[in-house]
Amino acid sequence: MNDVSSHLTPAAAALLSESDERRIRAIKSRRWVLYPRAKQALDRLGLLLNHPRGTRMPSVAIYGDSGMGKTMIMKRFRDEHPPGFNAVTGALRTPVLAMEMTSRPGERRFYAELLTLLGAPQRPRADIAQMEQSALRIMEAIGVQVLVIDEVHNILAGSYREQRVVLNTLRFLSNRLQISLVCFGVNEAREAISGDVQLARRFEQFTLNRWAADEQFEALVASILRNTPLRNPSVLSPKSLRWMLQVTEGITANIFHLINNLAVEAVETGREQICDEAIESWQPELDMEAAFA
């Protein structure tokens, strides 16, 4: 890496040779940016894969407001542990299986979603016991070690009985297959999981709090900037960082939105860097909404 691109990651530096249009497209696209808090979450999830199989497997629940990056962390964890095919044995291994909790959960809908994810044919008149056995058989055959459930707060959309049934189903799957569970959801998801005391005790809680004016926030901004293909380094003052934190309300998605918008402007104007003046004068055209959960 030469001095011209030393302020960027290799991937971002490689984009400097592209046209402005291609660079703008890259800036606007969703991209994974590793920052300390995300790495901490991923490292904790990775430990689940190495845990010896047994009863009462440890599990992790990751909570946070909408827009704090939960889904991006979930997708990164899944992508880091993709399915693998053994050409010798002909066996497919899927260590991490990720699904989304249905909007109105119930036992049948849960198993239907799980079987669809597994690519299993479903008979229209199959009863829940048959669906359950099909899911167990396939998950055991492909070696699922961690079942990831996004939007787990959707459990609360069901009646009290439906909530208990779904929670019992999760505990049953964990016990029967000796797998860990990873649940992602907004802060209200704590209430959903606490509906089953035995299940809740297995979960280590990891909270993605809104950003505050500290070194972690500075590290996040620095990571985003290093992954943003601008020709000149962006050096921001503490005052600008405080303003950024205020206008984005400490929401990760809003922080990305602000920096991306200013980066596009920097390319279009030829300035090729984000300066303090640009940040302190920036206002969203519309109220910012979370780009990802």
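Treat the numbers as computed from the prediction; the structure is a model and nothing was measured.

Colleague: Explain helix α3 (residues 36-49) to me, please; I cannot follow it from the model alone.
Modeller: An α-helix turns once every 3.6 residues. As a result, residues three or four positions apart point the same way. The first and last C-alpha atoms of α3 sit 21 Å apart over 14 residues, in line with the 20 Å expected at 1.5 Å per residue. Within α3 the residues assigned to the buried category are R37, A38, A41, L42, L45, G46, L48 and L49.

Colleague: How should I be thinking about the domain arrangement of the protein chain in this particular structure?
Modeller: One widely used convention gives an interface's size as the accessible area the parts lose upon coming together. As far as domains go, the protein chain holds domain 1 (51-208) and domain 2 (211-281). A straight line from the C-alpha centre of domain 1 to that of domain 2 covers 36 Å. If you look at the interface, domain 1 gives 4 residues, while domain 2 gives 5 residues. Of the roughly 290 Å² buried where domain 1 meets domain 2, counting both sides, 64% is carbon and sulfur surface. Run the count over domain 1 and domain 2 and you get 0 salt bridges.

Colleague: Could you clarify how one ought to interpret the packing of helix α5 (residues 107-117) against helix α6 (residues 128-141) in this entry?
Modeller: For any two helices packed against each other, the geometry is given by the interaxial angle and the distance between the axes. One can describe the packing of α5 onto α6 by two numbers: an axis separation of 10 Å at closest approach and a directional angle of 35 degrees. As α5 packs across α6, the resulting crossing turns out to be left-handed. Across from E107, R108, Y111, A112, L114 and L115 in α5, the residues of α6 making contact are I128, M131, E132, S134, A135 and M139. Of the residues that constitute the contact of α5 with α6, the class distribution is 8 nonpolar, 1 polar and 3 charged.

Rules of the game
- Residues numbered from 1 in each chain as written.
- Predicted model: local features only at pLDDT ≥ 70, side-chain atom pairs only at ≥ 80, totals over all residues.
- Heavy atoms only, no water.
- Helix = DSSP H or I, 4+ residues; strand = E, 2+ residues; numbered from the N terminus.
- Expected span 1.5 Å × (residues − 1).
- Buried < 20%, exposed > 50% of the residue type's maximum accessible area, 1.4 Å probe, protein only.
- Domains from an automatic or database assignment.
- Contact = heavy atoms within 4.5 Å.
- Buried area = accessible area lost by both parts, 1.4 Å probe.
- Salt bridge = Lys/Arg side-chain N within 4 Å of Asp/Glu carboxyl O.
- Axes fitted to C-alpha atoms, helices over the stretch in contact; angles between N-to-C directions.
- Left-handed = near helix turned anticlockwise from the far one by under 90°.
- Nonpolar A, V, L, I, M, F, W, Y, C, P; charged D, E, K, R; others polar.

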